[in-house]
Amino acid sequence: MKNRICILFMLTLALSAHSQQLNYEVLKDEPKEPAVSINLDFFNLDMNTGYPNLRLDNISMNLGVFGFVQIIQPLEIDFNIHKSWLALGKIGFKEYPGNFELNTGVNFWLTDRNISKKTKIVLKQTETRTSSETITSTTYIMAPAQHIKRFGFRGGLYSKSGPFNFDEYTDGVDLSGIEETKISSMGLYGGLTFRNLTNIIITDEHFGRSMNSVGRDIYFDAFFVPVNRFKDLNAEGALVTETVKDFKSVLPFGFRVGFRSYQIEKRKMTMKKFGMAALGEFGYKPYQGWFITAGIGITIVKR
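Predicted model, so just to flag it, every value in this text is computed and none were measured.

Our focus in this paragraph is unusual backbone geometry. Of the consecutive residues Gln-73 and Pro-74, the connecting peptide bond is found in the cis state with omega at 10°. Relative to the helices and strands, Pro-74 resides in the loop between strand E4 (60–72) and strand E5 (75–87). The phi angle at Glu-236 is positive, at roughly 55°, despite the residue not being glycine. Relative to the helices and strands, Glu-236 resides in the loop between strand E9 (208–232) and strand E10 (238–239). Of note in the backbone geometry, Met-271 takes a positive phi value of approximately 65° without being a glycine. Tracing the backbone shows Met-271 in the loop between helix H4 (267–270) and strand E12 (276–285).

Right, here's the structure in full:
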């Protein structure tokens, strides 16, 4: 049985009686940036290709936190920390470590613009399930709303450790008898960041309270990772860094493109204690190879 998800946007004739003639009251149209934003990423998937193929040992499910703390305008501390609770490599080799990643640095905002533009506000969502598909119907309007848009620089420290299968790295060629190792990488990241804050809340007699209240960040980073150490887990953690690099040394540069969203308005207005948050990244890291990470969670602090 095949499942399909169809998204139907009901801003046509079906909405003419509601959206085009909808009388609503604006309760709040005020984008706001929390001084403290802490988000719990409780369902995060991380995977990378390694070299030369997809490395199954490194695929992991992680728990983490990300967000920022404002110091003084326009400077804030930025953080993104994840630790695996399930690493596939440990299923076949119990001595493998879990994955751990730390990114901590600063954002420095250069521009701060307030603009008004048509913004989508979801009024209602319904799901209709049949034997072969699930149809999600979304009723929404496009209403004028204020947006805060920011642009700046970011940079900080990067560290990651986890499983590294040297046998896969050599594509099965037995050069030294080394197989399961631990990789520990440390370096720097830096790049550009963009922020968009929207916070419009309306109410009407037919749909009640509706809103578009969220913060979104997009960032582009370059990596410089000069430190990459390898330990042989079958030899009491003996350093085998030179053996790995002698086989194939990798330039210490990489990059990533990232996105994250988080809640910004208080509970008394949104009627939600937490609210959804999300994070996703794609790019390339030395020795780790091409990678993708994505997760969903909740905003636990928006002060």
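Okay, back to it.
Volume-wise, the largest pocket comes out at about 240 Å³. For the largest pocket, the full set of lining residues is Met-211, Asn-212, Ser-213, Val-214, Arg-216, Gln-263, Thr-270, Lys-272, Gly-275 and Met-276. A per-element tally of the lining of the largest pocket places E9 first, with five residues. Here the lining of the largest pocket is built from residues that sort into three nonpolar, five polar and two charged.

Let us look at the packing of aromatic side chains. Tallied over the entire structure, the rule returns 17 aromatic pairs. Their ring planes at 80° and their centres at 6.2 Å tell us that Phe-166 and Phe-247 sit as a pair that is edge-to-face. Within this pair, whereas Phe-166 is found in helix H2 (residues 166–169), its partner Phe-247 is found in helix H3 (residues 241–247), the two being separated by 81 residues in sequence. Aromatic pair Phe-194 and Phe-220: ring centres 6.1 Å apart, planes at 85°, arrangement edge-to-face. A residue pair is termed long-range when its members are at least 10 positions apart, and Phe-194 in strand E8 (residues 180–204) and Phe-220 in strand E9 qualify at 26 residues. Among the residues examined, Phe-194 registers a relative accessible area of 34% and is labelled partly exposed. Residue classification places Phe-220 among the partly exposed residues on the basis of a relative accessible area of 39%. In textbook terms, an aromatic cluster arises when at least three aromatic residues are bridged by ring pairs, as seen for Phe-164, Phe-166, Tyr-169, Phe-230, Phe-247 and Tyr-287. The ring centre of Tyr-219 lies 4.1 Å from the NZ or CZ of Arg-154, which sits over that ring. Over the ring of Phe-68 we find Arg-195, and its NZ or CZ is 4.2 Å from the ring centre.

Conventions we followed
Residues numbered from 1 in each chain as written. Predicted model: local features only at pLDDT ≥ 70, side-chain atom pairs only at ≥ 80, totals over all residues. Heavy atoms only, no water. Helix = DSSP H or I, 4+ residues; strand = E, 2+ residues; numbered from the N terminus. 1 Å grid on protein atoms, 1.4 Å probe; cavity = no way out; pocket = protein on both sides within 12 Å on 5 of 7 lines; lining within 4 Å. Points joined across faces, edges and corners; volume = space filled by probe spheres on them. Nonpolar A, V, L, I, M, F, W, Y, C, P; charged D, E, K, R; others polar. Phe/Tyr/Trp six-rings, centres within 6.5 Å; stacked < 30°, edge-to-face > 60°. Buried < 20%, exposed > 50% of the residue type's maximum accessible area, 1.4 Å probe, protein only. Lys NZ or Arg CZ within 6 Å of the ring centre and 35° of its normal.

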